[in-house]
Amino acid sequence: MLMDGQTTLNAMRKRTLFRLAAGTVAAGTATLAYASLVERNMFTLRRYDVPVLPADAEPLRVLHLSDLHMMPRQRRKQDWVASLAALDPDVVVVTGDNMAHPDAVPGVLRALQPLLDFPGAFVFGSNDYTGPVWKNPFTYFLPDREYTEGVALPYEELRDVFTGAGWADLNNARTTLKAGGREVELIGVDDPHIERDDYAAVAGPASASADLAIALAHSPEPPVLDQMAADGFGLLLAGHTHGGQVCVPGYGALVTNCGLPRSMARGLHRWPGSDAWLHVSAGLGTHPTAPVRFACPPEASILTLIPR
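Cut-offs used in this document
- Residues numbered from 1 in each chain as written.
- Predicted model: local features only at pLDDT ≥ 70, side-chain atom pairs only at ≥ 80, totals over all residues.
- Heavy atoms only, no water.
- Axes fitted to C-alpha atoms, helices over the stretch in contact; angles between N-to-C directions.
- Helix = DSSP H or I, 4+ residues; strand = E, 2+ residues; numbered from the N terminus.
- Parallel < 35°, antiparallel > 145°, perpendicular 65-115°, else oblique.
- Left-handed = near helix turned anticlockwise from the far one by under 90°.
- Contact = heavy atoms within 4.5 Å.
- Buried < 20%, exposed > 50% of the residue type's maximum accessible area, 1.4 Å probe, protein only.
- Polar contact = N/O pair within 3.5 Å; in protein donor to acceptor, adjacent residues only side chain to side chain.
- Disulfide = S-S within 2.5 Å.
- Pairing = 2+ DSSP bridges.

Asker: Just checking my understanding: could you explain the packing of helix H3 (residues 105-112) against helix H5 (residues 155-164) for this structure?
Answerer: Two quantities define a packed helix pair, namely the angle between the helix axes and the distance between the axes. Interhelical geometry of H3 versus H5 gives an angle of 20 degrees and a closest axis separation of 10 Å. The pairing of H3 with H5 is recorded here as roughly parallel in orientation. Regarding H3 and H5, the two cross each other, and that crossing is right-handed. Contacts from Val105, Val108, Leu109 and Leu112 in H3 reach Glu157, Leu158, Val161 and Phe162 in H5.

This is how it looks when you write it as structure tokens:
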């Protein structure tokens, strides 16, 4: 009887372990299906009020887009982005990584064409220059991982369309434009993530005559942001992080893929040691070899700039 009892107990333990394992696999499969089929297509518009304007100034609306990582047939994403023209922003800012395929330019233009009628500015990210390559997702936790280039992308074609529409190319450049009846000074750098940035070439205090000073970078690297804030640029805009892309509810991003702290992986933050505000877009796309998002839906942001 003792042997029979022990055999029964062992069988019960095996069944319990099997059920636990089956439940874990089922939960993992459901989570992956949700992240890849549902959340990565849950395009979300974020709204923020940013106190950067002088007293008594009228609000000014900035539409911030980033990290489309466009593939040729992503028509749902293209239609959603195009619909943002109905927001009637005063200025549109795009902080890079528009493409994820050599044939992506028509898709990017289908998405952005209605927005080209507004004043705008842009910088490029690494995935405007070269396409993505497969990588082990765990390498994102390595601070010194080697960057690997993929196939060349038609960034000059995209640049020509943007500048032809009147948008300001801020890849290591500086300019002013009129938006919402105000003079806006803009500065930007090419992607610091692949060491294309040259802030020294454009550095200098923000113009006292401008109503507003905005700085752009694809990757929000703290040394670059520190210089921009020190020069008096009150609003810093970046992307690159995907908001962590896969986050843990109640904990947030696991990694930012740059020098930015995890707590600043997305959203609006006061930049430490300055009066500047930083907005990091979680972006609208994903790496094609990791088409998932969890607790971090794709997003665009409308920033309503208001008096301090």
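Having seen it, we continue.
Asker: Any chance you could explain the environment of Thr289 here in plain terms?
Answerer: One can find Thr289 in the loop between strand S13 (277-280) and strand S14 (299-307). The class for Thr289 is partly exposed, based on a relative accessible area of 36%. Along the sequence, Thr289 and Val133 sit 156 residues apart, while their C-alpha atoms lie 7.5 Å from each other. Of the polar contacts made by the side chain of Thr289, one reaches the side chain of His287; its length is 2.7 Å.

Asker: So what exactly am I meant to see when it comes to the side chain of His242 here?
Answerer: Along the chain, the position of His242 falls in the loop between strand S9 (235-238) and strand S10 (247-248). Of the residues examined, His242 reaches a relative accessible area of 8% and is grouped as buried. Every residue in contact with His242, bar those within four places of it in the chain, is listed here: Asp67, His69, Ala282, Gly285, Thr286, His287, Arg293 and Cys296.

Asker: Please clarify how H3 should be interpreted in this entry.
Answerer: One turn of the α-helix equals 3.6 residues, which is why residues spaced by three or four share an orientation. Counting buried positions along H3 gives six out of eight residues, so the element sits mostly inside the fold. Against strand S2 (60-65), helix H2 (75-83) and H5 lie the buried residues of H3.

Asker: I would appreciate a short explanation of the state of the cysteines in the present structure.
Answerer: In protein structure, a disulfide is the covalent linkage between the sulfur atoms of two cysteines. According to the stated counting rule, one finds zero disulfides in the structure shown. Free of any disulfide, Cys296 has its nearest neighbouring cysteine sulfur in Cys247, separated by 4.2 Å.

Asker: I'm lost on the environment of Pro154 in this one. Help?
Answerer: As for its position among the elements, Pro154 is in the loop between helix H4 (126-129) and H5. For Pro154, a relative accessible area of 21% translates into the label partly exposed. Separated by 50 residues in sequence, Pro154 and Ala104 place their C-alpha atoms 8.7 Å apart. Those residues in contact with Pro154 that lie beyond four places of it in its chain are Met99, Pro102 and Val105.

Asker: How should the pairing of S14 be read in this particular structure?
Answerer: Side chains on a regular strand alternate between the two faces of the sheet. For S14, the tally of buried residues reaches seven of nine residues, placing the bulk of the element in the interior. Taken together, the nine bridges between strand S1 (residues 44-53) and S14 define a ladder with parallel strand orientation. Paired with Arg47 across the bridge in S14 is Ile302. As paired strands, S2 and S14 are joined by five bridges and run antiparallel to one another. Across the sheet, the residue bridging to Val62 is Leu303, located in S14.

Asker: Looking at this structure, I do not really get the side chain of Glu39. What am I missing?
Answerer: In this structure, Glu39 sits in the loop between helix H1 (2-38) and S1. One polar contact links Glu39 to Tyr34, side chain to side chain, over a distance of 2.8 Å. With sequence-adjacent residues up to four places away left out, Glu39 is seen in contact with Tyr34, Arg293, Phe294, Ala295, Cys296, Pro297 and Pro298.

Asker: Which parts of the structure should I look at to understand the sheet that holds strand S6 (residues 173-179)?
Answerer: What links the strands of a sheet is backbone hydrogen bonding, and the strands pair in either a parallel or an antiparallel sense. The strand order across the open sheet formed by six strands is S6-S7-S8-S9-S13-S12, and the pairing between neighbours is mixed. Lying at the two open borders of the sheet, with one neighbouring strand each, are S6 and strand S12 (267-270). Here the average twist between neighbouring strands, direction ignored, is 25 degrees. Looking at chain direction, S12 and S13 are connected through four bridges and run antiparallel. Bridge pairing in S13 links His269 to Leu278. Running over the sheet, helix H6 (residues 222-230) touches strand S8 (212-216), S9 and S13 and is turned about 155 degrees from S9.

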